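Summary of structural features
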Amino acid sequence: VEPLRFPLGEGAAGVAAENRTWYAVDNPAKDPVYQSAVDLEGAWILAVPAVDVCDDLVGVLEMSFTSQQSKELMEAALQLGRHLGNAYLVTHRQQETESFCRGLALSYGTAVDALQIARSDHSQRVARYAVGIGEAMKLPKGRIRLLEIAAFLHDVGRVFLAGGPSSDEPPP
């Protein structure tokens, strides 16, 4: 692969570089941007800018395809898009579920703490200790989240067992 120099805005690669987005040429003979002097030859051309994390242009990757290859590439891109979309939905749904469970556990713990007059933020303090210990043990984040939820809920049984919610007597 030989590097080529091109002015910004000229040819598919120049347009991709100038706009910081991909540019596709599906019919070079009819595309006003395509320039045979700077662009590759092919039935279908794709130019993709390469930018770093600061959005500075590093270069442009330009590829040419036959008509058949372009159809296969489009189908692969559509399938990839579907898979990425599904992965996003699953991840987003999982985060919502974890957030809901944490909030529910915190609510239960706070309610139990409110029933125990001398222990107003007990469950939250236990949760902070549990998270701190989990982090010190270098447990995975998922395990630490479970520890926090368990700590919020650790006294829920006191409401139903032993002498009731305000009792210091441990459950049987």
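Residues numbered from 1 in each chain as written. Predicted model: local features only at pLDDT ≥ 70, side-chain atom pairs only at ≥ 80, totals over all residues. Heavy atoms only, no water.

On to unusual backbone geometry. The backbone of arginine 20 shows a phi angle near 55°, a positive value even though the residue is not glycine. For arginine 20, the location among the structural elements is in the loop between helix H1 (11–19) and strand S1 (23–25). Among the residues examined, arginine 20 registers a relative accessible area of 36% and is labelled partly exposed. For lysine 138, which is not a glycine, the phi torsion comes out positive at approximately 60°. With respect to the element layout, lysine 138 can be found in the loop between helix H3 (122–136) and helix H4 (141–153). (Helix = DSSP H or I, 4+ residues; strand = E, 2+ residues; numbered from the N terminus. Buried < 20%, exposed > 50% of the residue type's maximum accessible area, 1.4 Å probe, protein only.)

Time to look at H3. Between its first and last C-alpha atoms H3 spans 21 Å; for 15 residues at 1.5 Å apiece the expected length is 21 Å, and the two agree. Of the residues making up H3, those classed as buried are His122, Ser123, Ala127, Ala130, Val131 and Gly134. Taken end-on, H3 shows its buried residues confined to a sector of 165°, consistent with a single buried face. Those residues of H3 that are exposed and aimed more than 90 degrees away from the buried face are Arg128, Tyr129, Glu135 and Ala136. (Expected span 1.5 Å × (residues − 1). Arc of directions from axis to C-beta.)

Judged from the 3 bridges that link them, S1 and strand S2 (residues 44–51) form a sheet pairing that is antiparallel. Across the sheet, residue valine 25 finds its bridge partner in S2, namely isoleucine 45. As paired strands, S2 and strand S3 (residues 57–65) are joined by 8 bridges and run antiparallel to one another. Counterpart to proline 49 in the pairing with S3 is valine 60. (Pairing = 2+ DSSP bridges.)

What follows concerns the packing of H3 against H4. Closest axis-to-axis distance for the H3/H4 pair is 8 Å, and the angle between their directions is 155°. Comparing their axes, H4 and H3 come out roughly antiparallel. For the pair H3 and H4, the sense of crossing is right-handed. Only Ile144, Leu147, Glu148, Ala151 and Phe152 of H4 make contact with H3, whose side of the interface consists of Ser123, Gln124, Val126, Ala127, Ala130, Val131, Gly134 and Glu135. Counted by class, the contact of H3 with H4 contains 8 nonpolar, 3 polar and 2 charged residues. (Axes fitted to C-alpha atoms, helices over the stretch in contact; angles between N-to-C directions. Parallel < 35°, antiparallel > 145°, perpendicular 65-115°, else oblique. Left-handed = near helix turned anticlockwise from the far one by under 90°. Contact = heavy atoms within 4.5 Å. Nonpolar A, V, L, I, M, F, W, Y, C, P; charged D, E, K, R; others polar.)

A residue-level look at the protein chain finds 80% of positions with pLDDT of 70 or above and a mean pLDDT of 77. The least confident element of the protein chain is helix H2 (residues 67–115), whose mean pLDDT is 77; the most confident is H3, at 91. (pLDDT = per-residue confidence, 0-100.)

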